Amino acid sequence: MKRDDLTGLALGGNKTRKLAFILHDAIAKGCDTVITAGASQSNHCRQTAAAAAQLQLECHLVLGGQAPDTPNGNLLLDTLFEPKIHWAGQHRKGEDIPKITKALAAQGKKPYVIPYGGSSELGAYSFVNALEELETQIETNTLSHLIFASSSGGTHAGLMLGKALLNKQYELIGINIDKGETDAVPFDQFIINLANKTSQFINANITFSHDDLILNSDYVGEGYGVVGEPEKEAIALMAKHEGILLDPVYTGRAMAGLIDMIRSGKLTQQDKVLFWHTGGAPSLFAYADKFKH
Ligand SMILES: *Cc1c(COP(=O)(O)O)cnc(C)c1O
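This structure is a prediction, so every number in the text was calculated from the model and none was measured. (Residues numbered from 1 in each chain as written. Predicted model: local features only at pLDDT ≥ 70, side-chain atom pairs only at ≥ 80, totals over all residues. Heavy atoms only, no water.)

Focus: the sheet that holds strand 2 (residues 33-38)
Okay, step 1: Pairing is parallel across the open sheet formed by 4 strands, whose spatial order is 4-3-2-5. Two strands in the sheet have a free side with no partner beyond their single neighbour: strand 4 (84-87) and strand 5 (111-113). This sheet shows a mean twist of 25° between the axes of neighbouring strands, independent of strand direction.
Okay, step 2: In this sheet, strand 3 (residues 58-63) lies alongside strand 2 in parallel orientation, the contact comprising 6 bridges. In the sheet register, Val-34 faces strand 3, and the bridge partner there is Cys-59. (Pairing = 2+ DSSP bridges. Helix = DSSP H or I, 4+ residues; strand = E, 2+ residues; numbered from the N terminus. Axes fitted to C-alpha atoms, helices over the stretch in contact; angles between N-to-C directions.)

Here is the structure:
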């Protein structure tokens, strides 16, 4: 297991990697305000608000849903960093960002837009960098599979590009987290486009097509953020047998997929599987009622 739940920055997660590159760019461009979007339990928004506080940047979060009476989980942590929160109802993927950005610019601020999930070229590039880090930690030539939760595409696109650059043979399996009913571009196409844009961005001469992508959508269940029995079982097994916390939205679902692949014989004892733990456990607290005995 690659423990990106332990990356640090306000309880960690994979967004630490993306933000390290993205916020460097924001500061280099002279921006004083960052704006991003996500669900009310977004790990990306929690970590963005924390990083902005650390760097003394003004932070605007555009969150799906509406303000609850009692903030919990990630949203509780968000409030401690004191970002400006804009409640956006059905719009949890940044649909309202252009409007708010325009208003901020009109007030004389220099806003920097961080797309949904931090999945820009720089965000994806942080996962090329992450695979280079992995090379210093384990012998990856013996790996048969690398499995992770895929949701806004940056992690997936970056790992695809990193794997190609390092010339690795393992299967890169992204477990799709989101049904994506409202996506303008189908998620598989979005990931390929982002991998290609990131490749161009770093002047790598690599082009990706659908043949290069494994996005497994068998485990989306009732959709984004809806915890079901498979996620609960995966969270319970990992806690009880390993003392490791998964989360209800992403890693619980991805691990449920991995467990199902073992049970159905798609993964065998001969396989060497790396699970990339992308974080997320702070949202467990917001799902307390789902874990009643
Ligand atoms: C954002 C996130 C992911 C998905 O990463 P993407 O790059 O958005 O696909 C997975 N797990 C957790 C805990 C996350 O917060």
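That was the structure; now back to the text.
Quick word on the nonpolar core
Okay, step 1: Judged by nonpolar contacts, the single largest core of 28 residues is most densely connected at Ile-147, Ile-175, Tyr-224, Leu-246, Met-255, Met-261 and Phe-275.
Okay, step 2: For this core, the secondary-structure elements that each account for two or more residues are strand 6 (145-150), strand 7 (171-176), helix 8 (229-242) and helix 9 (251-263).
Okay, step 3: Of the residues forming this core, the biggest block, 6 residues, is contributed by helix 9.
Okay, step 4: Apart from residues lying up to four places away in sequence, Ile-147 is in contact with Ile-173, Ile-175, Leu-258, Met-261, Leu-267, Val-273, Leu-274, Phe-275 and Trp-276. (Core = buried A, V, L, I, M, F, W, Y, C linked by side-chain atoms within 4.5 Å. Buried < 20%, exposed > 50% of the residue type's maximum accessible area, 1.4 Å probe, protein only. Contact = heavy atoms within 4.5 Å.)

Description of the UniProt feature "active site" (unreviewed entry) in the protein
Okay, step 1: Those places that UniProt annotates as "active site" (unreviewed entry) correspond, in this numbering, to Ser-42.
Okay, step 2: In this structure, Ser-42 sits in the loop between strand 2 and helix 2 (43-55). (UniProt positions renumbered as here; feature names shortened; annotations may be inferred.)

Side note on the environment of Ala-20
Okay, step 1: Tracing the sequence through the fold places Ala-20 in helix 1 (residues 15-28).
Okay, step 2: Separated by 11 residues in sequence, Ala-20 and Leu-9 have C-alpha atoms that sit 10 Å apart.

So, the site of the ligand
Okay, step 1: Among the 15 residues in the neighbourhood of the ligand, the closest are listed as Lys-15, Lys-18, Ser-152, Thr-155 and Thr-278.
Okay, step 2: Lys-18 is positioned with one of its side-chain polar atoms (N or O) 2.6 Å from an oxygen atom of the ligand.
Okay, step 3: Between the ligand and the protein, one listed contact pairs an oxygen atom with a backbone N or O atom of Gly-154 at 3.5 Å.
Okay, step 4: Broken down by secondary-structure element, the contributors of at least two residues to the shell around the ligand are helix 1, strand 6 and helix 6 (154-165).
Okay, step 5: Considered class by class, the residues forming the shell around the ligand number 2 nonpolar, 11 polar and 2 charged. (Near = heavy atom within 4 Å. Polar contact = N/O pair within 3.5 Å; in protein donor to acceptor, adjacent residues only side chain to side chain. Nonpolar A, V, L, I, M, F, W, Y, C, P; charged D, E, K, R; others polar.)

Quick word on the UniProt feature "modified residue: N6-(pyridoxal phosphate)lysine" (unreviewed entry) in the protein
Okay, step 1: If you check UniProt for "modified residue: N6-(pyridoxal phosphate)lysine" (unreviewed entry), the listed places come out as Lys-15 in our numbering.
Okay, step 2: On the secondary structure map, Lys-15 appears in helix 1.
Okay, step 3: On the basis of relative accessibility, which here comes to 9%, the residue Lys-15 falls in the buried class.
Okay, step 4: Excluding residues within four positions of it along the chain, Lys-15 makes contact with Asn-43, His-44, Gln-47 and Gly-117.

What to know about the pairing of strand 6
Side chains on a regular strand alternate between the two faces of the sheet.
Okay, step 1: The element strand 6 is extensively covered by neighbouring structure, given that 6 of its 6 residues are classed as buried.
Okay, step 2: Alternating positions in strand 6 separate into two faces, His-145, Ile-147 and Ala-149 on one and Leu-146, Phe-148 and Ser-150 on the other, with burial throughout.
Okay, step 3: Bridge count between strand 6 and strand 7: 6 bridges; the pairing is parallel. Across the sheet, the residue bridging to His-145 is Glu-171, located in strand 7.
Okay, step 4: At this point the chain moves from strand 6, through helix 6, to the parallel strand 7, and the crossover so formed is right-handed. (Right-handed = clockwise from strand over helix to strand, strands pointing away.)

Focus: the sheet that holds strand 7
Okay, step 1: Spatial strand order, 1-9-6-7-8: 5 strands in an open sheet with parallel pairing. Each end of this open sheet is capped by a strand with a single partner; those strands are strand 1 (2-3) and strand 8 (215-216).
Okay, step 2: By the bridge criterion, 3 bridges tie strand 6 to strand 9 (residues 273-277) in an arrangement that is parallel. Note on strand 9: the bridge partner recorded for Leu-146 is Leu-274.

Re helix 4 (residues 97-106)
Okay, step 1: Considered for burial, the residues of helix 4 that qualify are Ile-97, Ile-100, Thr-101 and Leu-104. For helix 4, the buried positions fall inside an angular range of 100° around the axis, keeping them on one side. Exposed positions of helix 4 whose direction lies more than 90 degrees from the buried face are Pro-98, Lys-99, Lys-102 and Ala-106.
Okay, step 2: Those residues of helix 4 hidden inside the fold are in contact with strand 2, strand 3, strand 4 and strand 5.
Okay, step 3: The positive-phi residue at the C-terminal boundary of helix 4 is Gly-108, with phi of around 90°. (Arc of directions from axis to C-beta.)

So, the pattern of salt bridges
Okay, step 1: All chains considered together, the criterion is met by 14 salt bridges.
Okay, step 2: Notably, a salt bridge pairs Glu-133 with Lys-2, separated by 2.5 Å at the nearest N-O pair. Separated by 131 residues along the polypeptide, Glu-133 in helix 5 (residues 121-135) and Lys-2 in strand 1 bring together distant segments of the chain.
Okay, step 3: Close ionic contact of Arg-17 with Glu-133 constitutes a salt bridge, the shortest N to O distance being 2.9 Å. In this pair, Arg-17 is assigned in helix 1 and Glu-133 in helix 5, connecting sequence segments 116 residues apart.
Okay, step 4: Assessed through its relative accessible area of 11%, Arg-17 is described here as buried.
Okay, step 5: A single salt-bridge network, built from bridges that share partners, covers Lys-2, Asp-4, Arg-17 and Glu-133. (Salt bridge = Lys/Arg side-chain N within 4 Å of Asp/Glu carboxyl O.)

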